[in-house]
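Now for the letters of each chain:
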Amino acid sequence: MERGRGRWGSVSRGMLPLLALHTVSEYCRLERKPPVTAGLLAANTIIYLRPSFLDPVLPTINEVWFNPHLILKYKDLKRFVLSAFYHLNESHLVYNMLSLLWKGIQLETSMGTAEFASTVAALVVMSQGITLLLAKSLLLFFDYERPYYQEYAVGFSGVLFAMKVILNARSDDYTYVHGLLVPTRYAAWAELVLIQMFVPGVSFLGHLGGILAGLLFLRLKASYSGANPLRTIIRGFGHALNWPLRFVKCLFRSQPRIAGRGNVGGGQTRDASQVWRCQACTFDNSGWLSVCEICGTSRTDDGLSSLSSTDEIQDLSLDELRGRRIQRFGR
């Protein structure tokens, strides 16, 4: 997030075409195109460009600044949520979107589209909420009003810091953060300090709130073993949106030609619109997939996993399942 109340949408520096070119090249090399990441990139860019036909719909940046005082005084949820999707200038937008492109592809590919969409929604609310709580706490206990409680900020970087924490949580490697070699799991903390030291006008509380939101998300996810209700809602909404397309495909689908000997209709066909659950890792896969998206276990014709032994399934850990996937595709 960036602070200040400078002129929004300053003169273009020609960075947006570079962002578009980089995004297209990244998506062209991917076999599976992450739709939620693409949607987030498009939404942030369109809000910044603000085409004339969206003027009646989109609020101005002065109406959505993240300001703890105004949010709490007027119960302004518009500022609370929408401020994450607005950017001060072109460099602010491009830097955040390049970061989102890399992190979004990694997370959406590993999580799946519905899981990633629910994660982003949760991180937006959690990062903004923690930032609001920090600002109010500093006012109550340390009388910090103007530096934080009256601060104006916008930008998606709080969510990006949370995504960085989730990506690096289990890494034992080392990485460079602005030339400084640090353990990867602590890269977000190092970036928080270095950006605050060398980049003027950034929101310290916004970035700190993002890091704490990522840590809280990991803790909650580890302690909660049930199905993600938000993911279920998003997946159901996605199926509802895809229903007209599936209906049209069914109307114009040509009947297969039957040739050769044998009983007609003896073979079984899979309903690609249905979700099937992998018996190895319990992940809900799309009907279009013949192997599990997470562990690589094959789907059988009856819609179940080819691993039928419950004792074997219970003994397998996630790392072993991933190892099995590597061996399976390496043959």
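Residues numbered from 1 in each chain as written. Predicted model: local features only at pLDDT ≥ 70, side-chain atom pairs only at ≥ 80, totals over all residues. Heavy atoms only, no water.

What about the pattern of salt bridges?
Two side chains carrying opposite charge are able to pair once their charged atoms lie near each other. Under the defined criterion, the tally for this structure stands at six salt bridges. For Asp55, the salt bridge is made with Arg50, and the minimal N-O distance between the two is 2.8 Å. You can call Asp55 partly exposed: its relative accessible area is 39%. A residue is classified by how much of its surface remains accessible, and Arg50, at 17% relative accessible area, is buried. Notably, a salt bridge pairs Lys164 with Glu191, separated by 3.4 Å at the nearest N-O pair. Taken as a pair, Lys164 in helix 8 (residues 157-168) and Glu191 in helix 9 (residues 187-198) lie far apart in primary sequence, 27 residues in all. (Salt bridge = Lys/Arg side-chain N within 4 Å of Asp/Glu carboxyl O. Buried < 20%, exposed > 50% of the residue type's maximum accessible area, 1.4 Å probe, protein only. Helix = DSSP H or I, 4+ residues; strand = E, 2+ residues; numbered from the N terminus.)

Section: the packing of helix 1 (residues 16-28) against helix 2 (residues 35-49)
Where helix 1 meets helix 2, the axes come as close as 12 Å, and the angle between the chain directions of the two elements is 170°. Our classification of the angle between helix 1 and helix 2 gives roughly antiparallel. In this structure, helix 1 crosses over helix 2, and the sense of that crossing is left-handed. Judged by residue contacts, Leu16, Leu19, Thr23 and Tyr27 of helix 1 engage Thr37, Ala38, Leu41, Thr45, Tyr48 and Leu49 from helix 2. (Axes fitted to C-alpha atoms, helices over the stretch in contact; angles between N-to-C directions. Parallel < 35°, antiparallel > 145°, perpendicular 65-115°, else oblique. Left-handed = near helix turned anticlockwise from the far one by under 90°. Contact = heavy atoms within 4.5 Å.)

Points about a nonpolar patch on the surface
On the surface, a cluster of nonpolar side chains totalling about 510 Å² of accessible area is made up of Leu140, Phe141, Phe142 and Tyr144. You can see Leu140 is positioned in helix 6 (residues 113-142). (Patch = residues over 30% accessible without salt bridge, like charges linked within 9 Å, V, L, I, M, F, W, Y side chains within 5 Å. Areas by Shrake-Rupley, 256 points an atom, 1.4 Å probe, with all protein chains shown as cover.)

Focus on unusual backbone geometry
Leaving glycine out, the prevailing phi sign among residues is negative, and the prevailing peptide bond configuration is trans. One non-glycine residue, Lys75, lies in the positive phi region at around 50°. Positionally, Lys75 belongs in the loop between helix 3 (68-74) and helix 4 (77-82).

Comments concerning the packing of aromatic side chains
By the definition in use, this model includes two aromatic pairs. Aromatic pair Trp65 and Tyr152: ring centres 6.1 Å apart, planes at 85°, arrangement edge-to-face. Taken together, the residues span a long stretch of sequence, with Trp65 in the loop between helix 2 and helix 3 and Tyr152 in the loop between helix 7 (145-149) and strand 2 (153-154) at a distance of 87 residues. For the pair Phe85 and Phe156, a centre-to-centre distance of 5.6 Å together with 50° between the ring planes defines the contact as tilted. In this pair, Phe85 sits in the loop between helix 4 and helix 5 (90-111) while Phe156 sits in the loop between strand 2 and helix 8, placing the two residues 71 residues apart along the sequence. (Phe/Tyr/Trp six-rings, centres within 6.5 Å; stacked < 30°, edge-to-face > 60°.)

Describing the pairing of strand 3 (residues 174-177)
Bridging between strand 3 and strand 4 (residues 180-183) involves four bridges; their strand directions are antiparallel. Within strand 4, the residue paired with Thr175 across the bridge is Val182. Taking the residues between adjacent antiparallel strands as the criterion, strand 3 and strand 4 are bridged by two residues, where His178 takes a positive phi near 50°. (Pairing = 2+ DSSP bridges.)

Quick look at the UniProt feature "transmembrane region" (unreviewed entry) in the chain
In this numbering, the UniProt entry assigns the feature "transmembrane region" (unreviewed entry) to residues 122-142 and 187-218. The span residues 122-142 is 100% helix and 0% strand, and its two end C-alpha atoms sit 29 Å from each other. The span residues 187-218 carries 84% helix and 0% strand; its end-to-end C-alpha distance comes to 16 Å. (UniProt positions renumbered as here; feature names shortened; annotations may be inferred.)

Re the side chain of Asn168
Looking at the element boundaries, Asn168 is found in helix 8. Overall, the relative accessible area of 12% leaves Asn168 in the buried class. Excluding anything up to four places from it in sequence, Asn168 contacts Thr184, Arg185 and Ala187.

A look at the packing of helix 9 against helix 10 (residues 204-223)
Running from N to C, helix 9 and helix 10 point in directions that differ by 180°, and their axes come no closer than 10 Å. By the angle class used here, helix 9 and helix 10 are roughly antiparallel. Side by side, helix 9 and helix 10 meet where Ala188, Trp189, Leu192, Ile195 and Gln196 of the first sit next to Phe204, His207, Leu208, Ile211, Leu212 and Leu215 of the second. Across the contact of helix 9 with helix 10, the residue classes break down as nine nonpolar, two polar and no charged. (Nonpolar A, V, L, I, M, F, W, Y, C, P; charged D, E, K, R; others polar.)

With respect to the nonpolar core
In terms of nonpolar packing, the biggest core is built from 42 residues, with Leu100, Phe116, Phe156 and Met163 touching the most fellow members. Of all the secondary-structure elements, those providing two or more residues to this core are helix 1, helix 2, helix 5, helix 6, helix 8 and helix 10. Those residues in contact with Met163 that sit more than four places away from it in its chain are Leu100, Lys103, Gly104, Leu107, Phe116 and Leu123. (Core = buried A, V, L, I, M, F, W, Y, C linked by side-chain atoms within 4.5 Å.)

Let's talk about the environment of Gln279
Of note, Gln279 is situated in the loop between strand 5 (276-277) and strand 6 (284-285). Taking the relative accessible area as the measure of exposure, Gln279 reaches 34% and is therefore partly exposed. In this structure the C-alpha to C-alpha distance between Gln279 and Thr297, which are 18 residues apart in sequence, comes to 8.6 Å.

Topic: the environment of Val120
Positionally, Val120 belongs in helix 6. With relative accessibility at 6%, the residue Val120 sits in the buried group. Expressed as a C-alpha distance, the spacing of Val120 and Met163, which sit 43 residues apart in the sequence, is 8.3 Å. Beyond its immediate chain neighbours, meaning those up to four positions away, Val120 contacts Leu40 and Phe156.

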